[in-house]
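What follows is each chain in one-letter form.
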Amino acid sequence: MALEDVLTQFDAVIVGAGFAGLRALYSLRAMGKRVCVLEASADAGGVWYHNGYPGARCDVESYDYSYSFSPELEQQWRWTERYATQPEILRYIAHVVERFDLRRDILFNTRMRSACYDEAGARWCISAQDGRQWWARALIMCVGQLSTTKSPSYPDQDKFRGRVIHSGLWPKEPIDFSGQRVGIIGTGSSGMQMTPVIAEQAAHLTVFQRTANYSIASANAPVSDEEDRRIKASYRQRREQAWNSPSGLGFVPNKQSALQATPQEREQVYEQAWRRLGFGFALAYHDILLNQAANDTAVDFITRKIAAIVHAPVLRDKLTPRGHPFGARRPSVDSGYFQAFNRDNVELADLRQWPIVAFTEQGIRTQDRLHELDVVIFATGFDAFTGSLLRPEIKGRGGLTLAQKWSAGPLTLFGLAVADFPNFFIVGGPGSPSLLSNVLVSTEEQIDWLVQLLRHMDAHEQVEFEARHSAEHAWVEHVNERARQTLYLSTDSYYNGAEVAGKPRVFMPYSGGVRGYRRLLQNCAARAYEGFDLRGQPAAACADARPQSAAPPHG
Ligand code: NA7
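Residues numbered from 1 in each chain as written. Predicted model: local features only at pLDDT ≥ 70, side-chain atom pairs only at ≥ 80, totals over all residues. Heavy atoms only, no water.

Each helix and strand counted, the protein has 17 helices and 20 strands in total. Here the C-alpha atoms of the protein give a radius of gyration of 24 Å, agreeing with the 24 Å that 2.2 N^0.38 yields for 555 residues. Projecting the C-alpha coordinates of the protein onto the three principal axes gives extents of approximately 70 × 55 × 50 Å. In the protein, buried positions account for 57% of the 555 residues. By element, 49% of the accessible surface of the protein is carried by carbon and sulfur atoms, the whole surface being about 22700 Å². Computed over 60 positive and 61 negative side-chain charges, the separation of the two mean positions in the protein equals 1 Å. (Helix = DSSP H or I, 4+ residues; strand = E, 2+ residues; numbered from the N terminus. Rg over C-alpha atoms; globule rule 2.2 N^0.38 Å. Buried < 20%, exposed > 50% of the residue type's maximum accessible area, 1.4 Å probe, protein only. Areas by Shrake-Rupley, 256 points an atom, 1.4 Å probe, with all protein chains shown as cover. Lys, Arg positive; Asp, Glu negative; His and termini not counted. Charge placed at Lys NZ, Arg CZ, Asp CG, Glu CD.)

On to the site of the ligand. Inspection of the region around the ligand gives 21 residues, with Tyr154, Ser190, Thr211, Arg329 and Tyr494 positioned closest. Residue Thr211 places a side-chain N or O atom 2.4 Å away from an oxygen atom belonging to the ligand. Here Tyr494 contributes a side-chain N or O atom positioned 2.5 Å from an oxygen atom of the ligand. Considered class by class, the residues forming the shell around the ligand number 8 nonpolar, 8 polar and 5 charged. (Near = heavy atom within 4 Å. Polar contact = N/O pair within 3.5 Å; in protein donor to acceptor, adjacent residues only side chain to side chain. Nonpolar A, V, L, I, M, F, W, Y, C, P; charged D, E, K, R; others polar.)

Moving on, we get to the domain arrangement of the protein. Domain annotation of the protein identifies domain 1 (3–44 + 102–148 + 384–541) and domain 2 (157–378). At the junction of domain 1 with domain 2, the criterion picks out 0 salt bridges. Linking domain 1 to domain 2 there are 8 residue pairs in polar contact (both at pLDDT 80 or more). Top contributing element to the side of domain 1 that touches domain 2 by residue count: helix H17 (residues 514–526), with 3 residues. Its residues assigned to classes, the side of domain 1 that touches domain 2 shows 6 nonpolar, 8 polar and 3 charged. (Domains from an automatic or database assignment. Salt bridge = Lys/Arg side-chain N within 4 Å of Asp/Glu carboxyl O.)

Under the defined criterion, the tally for this structure stands at 48 salt bridges. Here Arg103 ties to Glu98 by a salt bridge, and the two come within 3.2 Å at their closest N and O atoms. We note a salt bridge from Glu481 to Arg484, for which the minimum N-O separation is 3.0 Å. Of this pair, Glu481 and Arg484 both sit in helix H16 (residues 469–484), separated by 3 residues, roughly a single helical turn.

Moving on: the sheet that holds strand E8 (residues 181–185). Pairing is parallel in the open sheet, where 5 strands are placed in the order E7-E16-E8-E9-E12. Two strands bound the open sheet, and with one partner strand each, they are strand E7 (163–166) and strand E12 (346–350). Neighbour to neighbour, the strand axes of the sheet diverge by 20° on average, direction disregarded. For strand E9 (residues 204–209) and E12, the ladder comprises 5 bridges, and the chain directions are parallel. For Gln209, the partnering residue across the bridge sits in E12 and is Asp350. Docked against the sheet, helix H6 (residues 189–201) engages E8, E9, E12 and strand E16 (375–378), running at close to 170° with respect to E8. (Pairing = 2+ DSSP bridges. Axes fitted to C-alpha atoms, helices over the stretch in contact; angles between N-to-C directions. Contact = heavy atoms within 4.5 Å.)

Here we take up the confidence of the model for the protein. Averaged over every residue, the pLDDT of the protein is 94; the share at 70 or more is 96%. In this model residues 548–553 is a low-confidence stretch, pLDDT under 50, and it forms 11 contacts with partners more than four residues away in sequence or in other chains. (pLDDT = per-residue confidence, 0-100.)

Scanning the model with the defined rule gives 0 disulfides in all. Cys36 provides the cysteine sulfur closest to Cys142, a residue in no disulfide bond, and the two sulfurs are 12 Å apart. (Disulfide = S-S within 2.5 Å.)

Time to look at the nonpolar core. One recurring pattern in soluble globular proteins is that nonpolar side chains are buried together. Formed by 71 residues in total, the largest nonpolar core has its most connected members in Trp449 and Phe532. It is helix H15 (residues 439–459) that provides the largest number of residues to this core, a total of 9 residues. No fewer than three residues from each of domain 1 (3–44 + 102–148 + 384–541) and domain 2 (157–378) sit in this core. In this structure Phe532 touches Leu413, Phe414, Ala417, Trp449, Phe465, Glu466, Ala467, Arg468 and Cys524, once residues within four positions along its chain are discounted. (Core = buried A, V, L, I, M, F, W, Y, C linked by side-chain atoms within 4.5 Å.)

Okay, H17 next. The end-to-end C-alpha distance of H17, which contains 13 residues, comes to 18 Å, matching closely the 18 Å that a straight helix rising 1.5 Å per residue would cover. Considering only its buried residues, H17 is in contact with helix H8 (235–243), H15, H16 and strand E20 (532–535). At the C-terminal side of H17, Ala528 shows a positive phi close to 55°. (Expected span 1.5 Å × (residues − 1).)

A few words now on the sheet that holds strand E15 (residues 370–372). Read from one edge to the other, the open sheet built from 3 strands follows the order E13-E14-E15, with strand pairing classed as antiparallel. With partners counted over all chains shown, the strands left at the sheet margins are strand E13 (356–359) and E15, one partner each. Recorded for the sheet is a direction-independent mean angle of 25° between the axes of neighbouring strands. Pairing analysis gives 3 bridges linking strand E14 (residues 363–366) to E15, with the strands arranged antiparallel. Within E15, the position partnered with Ile364 by the bridge is His371.

The next point concerns the pairing of E9. In terms of residue burial, E9 counts as a mostly covered element, since 5 of its 6 residues are buried. Pairing between E8 and E9: 5 bridges, direction parallel. Residue pairing for E9: Ile184 is matched across the bridge by Val207. In this fold, the crossover linking E8 to E9 by way of H6 has right-handed handedness. (Right-handed = clockwise from strand over helix to strand, strands pointing away.)

Topologically, Val37 is positioned in strand E2 (residues 35–38). For the pair Val37 and Arg104, spaced 67 residues apart in sequence, the C-alpha separation works out to 9.5 Å.

The next subject is the packing of aromatic side chains. Applying the stated criterion across every chain, the model contains 47 aromatic pairs. Sitting over the ring of Phe10, Arg34 keeps its end group 4.9 Å from the ring centre. Sitting over the face of the ring of Trp135, Arg123 holds its NZ or CZ atom 3.5 Å from the ring centroid. (Phe/Tyr/Trp six-rings, centres within 6.5 Å; stacked < 30°, edge-to-face > 60°. Lys NZ or Arg CZ within 6 Å of the ring centre and 35° of its normal.)

See below:
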C-alpha cells in the first residue's frame, strides 16, 4: 500500500468540530480508533463559533449545557453566569480542545464536498472542496441542526450601500454600532437576544417583525462561589436528573394538568416558573404542549407579562404573539427584549401590516415608507435539521444520494442511521430529540451508543452496519405518531420544514424525550441491534445479503 493511502485511511471521519464532533473525536480516539475531523471553519465551536452577535447566549443553563463525560472537567471548569454567553461557551470549547489534545486530529478550513460509499470495500471515500480525499470505515456527520444560514432575497438587495450581516455568520472583528442606524430582520432567538444590546449602542434600531414570538425572561444571574460549590458537590445527581428528565434540562414536568389547577394556583406556579425556569417554563404543567386549552392558560400569563413591560398600547399589541400555541414554534429566552421597545431609539416595523417591498441604496422600503439604515442584520434563521446534511453530496448504495432518498423528507432510524447508507451516522439527525432537548444530553447519548456499537462490531469482527428499511419506516411512523400527540403540528415552524419554501413538510425532531429515547437505543443494543444489519463482510460481497430497496413512508 502506498504511504499516501496509509495516511488517508481512517476508522472514522467525523464532519464538524462543534460540541458533537469534538465529543465523537474524544470518545472514538479513547477506543483506539484512527479518527480525523473535517471542519469547514478556522476553529472549533460549530454554531458557537459563528453566532457571535451581541447578546448571544445559551438558553439552557451552563452547568447542564456542558459535557458530562469527564468529572474532572466538570469540577475544574468555572461558569460565571447561569446562562453562558457565546464568548464564554467558546472559551469552554477551546479549553476542552486543549485539555484533551483534540486539535491534532482536526483539519480546519476543510469543507466536505462529497462522500461516496464503496460497497465492495465497506468504506466511505470522503472528498473536500479542495480535492483532498480520505477513506474511512465510518462517516459520522456532526454538522448541527441550525448551521446552514438562510437569508431573504428582496428586490435590489445588492444596491444597499450599508453593511449586511447574518447573525449566524457574525464577523470576527468587533462591530461598533454607535451612531449607526441599524435594522434587524427576524425576531427568533437571535433577533430577540441582540435587540436590547444593539439598542444600547445604536443611534436608532428598527426591528422588522414578521411573526411576534413568545419569550421567557431569562432569570440570568452571576454564579456565586457558594452556588458553584453546591452544584459541583452533587454534579452527578444533577446529571442523573437531566438524563432522566424528558427534556434533558433536569426539570421534572409538573404531573398536574394546567386545567386542573385553580386560576390562583396557576398564577403562582407560572410566576415561580417564570422567575426561575427560563425555557423550562413550558414544563410548568405537563400538558402545556399537549392540549390547546392548557396552552391558552400559559399564553394568557405570558401575554400579561408582555403587557406589563411594553408601555405603548399599539406597540404592545403588535409585540404580542398570536395565532400559534406557546412552544409550538421555538420560543426565546430573552434578557430585556420587550423592555428595549420602551426606548426612544427603538422602533418596530410590522411586516404583516407593511411588508418589505425592496432594498434601496439608503435602506429598506416597506409598503408605507423608507427606513434609512447603515446596517442590516439578517436574524432570519437557518435551513434547519437537513440544510447542512444535504449540502454535501452523499452517495450510498447504488449511487443513491441522500438528497434523493430524502426528497419527500428525512428517513432515518433513531435519527442516527439511514438504510442504503451503511456505516453512516448522524449525530443530532432528524428523527432524534436534538432541538427538542438539551442538545448536549441527546448528543452524548447518541455518541455513547455509537461507541458501544463500534465495540460490538470490533468484538464480532463486523465491518458493515446498516439500518433496515422496515425499521426505518417504523421509526419515522413513531416520530410522527409522537408529534401528533402534541401541539407542534398546529403551526408552521422550522420543526416541520416550513422555514424554507419548497422544503418537504415533515416533522423533524423526535418529541419522545431524551429518557425514552435512551431506553429505545439501549433496548435496540440489548436485542443485538434489532432493526439493523451487522455484517462480517460487505453485503456487496455476498449476493444473498444484498439489501433490497423499499418505498419511503412519506410517500
Ligand atoms: P429562527 O428562530 O428561525 O428565527 C428566524 C426569524 O427570522 C423569525 O422571526 C422569522 O420570521 C424571521 N424571518 C425569516 N425569514 C424572513 C423574511 N424573509 N422576512 C422577514 N422575517 C423573516 O432563527 P434564530 O436565528 O432567531 O434562532 C435559531 C435558533 O437558535 C433558536 O431557535 C434557538 O434554538 C437558538 P417567521 O417566524 O418565519 O415569520
